[in-house]
Amino acid sequence: MREIHRLVQRMGPSRLPVLVLGETGTGKEVVARAIHDVGGRGHFVVIDCSSMVGPLMESELFGYSKGAFTGAHNQKLGLLDSADGGTAFFDEIGELPMELQMKLLRVLQEKQFRAVGSVGQRSSNFRVIAATNRDLAAEVQAVRFRADLFYRLNVMRLRIPPLRERREDVPVLIAHFLARDGNGHRLSDEVMASLCSYDWPGNVRELEHVVQQMTAMNSGPWLTPADLPSSVRNAKGDLPSQSMAAKYTAMGTPVDSPVIPLAEIEKRAILDALSYTKGDRTVAAVLLGIGRTTLYRKLKEYGV
Ligand SMILES: Nc1ncnc2c1ncn2[C@@H]1O[C@H](COP(=O)(O)OP(=O)(O)OP(=O)(O)O)[C@@H](O)[C@H]1O
Ligand SMILES: [Mg+2]
């Protein structure tokens, strides 16, 4: 993270385009915002290239004039207008459809564009930061991404490694999230060891959610392996081969107990559901097959 921080400080003041690469959840948007903040100019405008398609994206990007289409009662400025003087962050740029790649290229070349349904050119002076979890060079090879647009975006590049390639960041990030979300919670050495050896396919976002979940579910201060979500616990790989008794231990029940208390199973099911839905209680209740009020009551029962 120090290395990334150093690059952010260097790239911030420049107005050149930056291409931020990294797997999902590695912190591409965090880094893009940091670069913008170091630059300290104008607004940071997020343009989500994966959520907009065709004509909708065009009017979002470039705005539209009054009467451009049914329902366009007033003129509307586009995202690129809002980015004037600041930064336009093209998130998930690899998802941009071909026809929009061509339009975006023109805008980047000329810094000018036309609102939908208008003939006049408007100009906007923005810095471009683009992010993707795809291998854009390979996309160019596969003719799914325009080479000329790629070269425009790929002026300065910042690659954020996945968390499993920088495990030394895990304790630092945990300390950060505990300080922010915890209530004086502390991790046992065993828990810390599990978290450091886990592969984190969801990267920093997954780690953030795990810490949030553990601190929300346990009043603390000590968090033990029993508090780890099943995704992390089971990933250790040794649990399936262990005896049932050992599994019970991992679930927080004494080794010599032949039976898991129902309350324990219920609590785990609820924790897992909330972990799966990323904390969305409405969806969790549906998955668990209980009403929302019942879920709330049970959460209260378990002191969550
Ligand atoms: N260095 C960091 N310090 C603190 N929090 C971080 C850091 N990196 C990432 N995060 C947190 O992790 C989460 C994911 O970060 P972000 O949204 O920037 O990732 P991303 O690479 O854009 O992910 P995606 O590809 O899924 O869009 C966010 O909640 C963010 O606050
Ligand atoms: Mg993102």
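Each value, and the rule that gives it
Residues numbered from 1 in each chain as written. Chains lettered and ligands numbered in written order. Predicted model: local features only at pLDDT ≥ 70, side-chain atom pairs only at ≥ 80, totals over all residues. Heavy atoms only, no water. Pairing = 2+ DSSP bridges. Helix = DSSP H or I, 4+ residues; strand = E, 2+ residues; numbered from the N terminus. Axes fitted to C-alpha atoms, helices over the stretch in contact; angles between N-to-C directions. Buried < 20%, exposed > 50% of the residue type's maximum accessible area, 1.4 Å probe, protein only. Phe/Tyr/Trp six-rings, centres within 6.5 Å; stacked < 30°, edge-to-face > 60°. Lys NZ or Arg CZ within 6 Å of the ring centre and 35° of its normal. Near = heavy atom within 4 Å. Polar contact = N/O pair within 3.5 Å; in protein donor to acceptor, adjacent residues only side chain to side chain. Areas by Shrake-Rupley, 256 points an atom, 1.4 Å probe, with all protein chains shown as cover. Nonpolar A, V, L, I, M, F, W, Y, C, P; charged D, E, K, R; others polar.

Peer 1: Would you mind showing me how to read the sheet that holds strand β1 (residues 18-21) here?
Peer 2: Spatial ordering of the open sheet is given by β2-β3-β6-β1-β7, a layout of five strands whose pairing is parallel. The two strands at the open ends of the sheet, each matched to only one other strand, are β2 (44-48) and β7 (156-159). With strand direction ignored, the average angle separating the axes of adjacent strands in the sheet is 20 degrees.

Peer 1: What's the story with unusual backbone geometry in this structure? I'm lost.
Peer 2: Note: most peptide bonds trans; most residues except glycine with negative phi. One non-glycine residue, K111, lies in positive phi territory at about 55 degrees. Topologically, K111 is positioned in the loop between α5 (98-110) and β4 (112-114). Judged by relative accessible area, which is 28%, K111 ranks as partly exposed. The backbone of N203 sits at a positive phi, close to 55 degrees, despite the residue not being glycine. Mapping N203 onto the fold places it in helix α10 (residues 203-217).

Peer 1: Explain the packing of aromatic side chains to me, please; I cannot follow it from the model alone.
Peer 2: Here the distance between the centres and the angle between the planes together describe a pair of aromatic rings. Scanning the entire structure with this criterion turns up four aromatic pairs. Judged by centre distance (4.6 Å) and plane angle (85 degrees), the rings of Y198 and W200 are edge-to-face. Across the pair, exposure class does not vary: Y198 and W200 are buried alike. Positioned over the ring face of F126 is K111, at 4.6 Å from the centre of the ring.

Peer 1: Looking at this structure, I do not really get the environment of Q141. What am I missing?
Peer 2: Tracing the chain through its elements places Q141 in helix α6 (residues 136-141). Among the residues examined, Q141 registers a relative accessible area of 69% and is labelled exposed. Considered as a pair, Q141 and C196 are 55 residues apart in the sequence and their alpha carbons are 36 Å apart.

Peer 1: Is there a simple way to think about the site of ligand 1 in this case?
Peer 2: As a matter of local geometry, ligand 1 sits amid 16 residues, with T24, G25, K28, R205 and E208 nearest to it. G27 is positioned with one of its backbone polar atoms (N or O) 3.1 Å from an oxygen atom of ligand 1. With respect to ligand 1, the side chain of E208 contributes an N or O atom lying 2.5 Å from an oxygen atom. In the complex, 78% of the free accessible area of ligand 1, which totals 640 Å², lies under the protein chains. At the level of secondary structure, the elements contributing two or more residues to the shell around ligand 1 comprise α2 (28-39), α8 (169-181) and α10. Considering only residue class, the shell around ligand 1 consists of five nonpolar, five polar and six charged.

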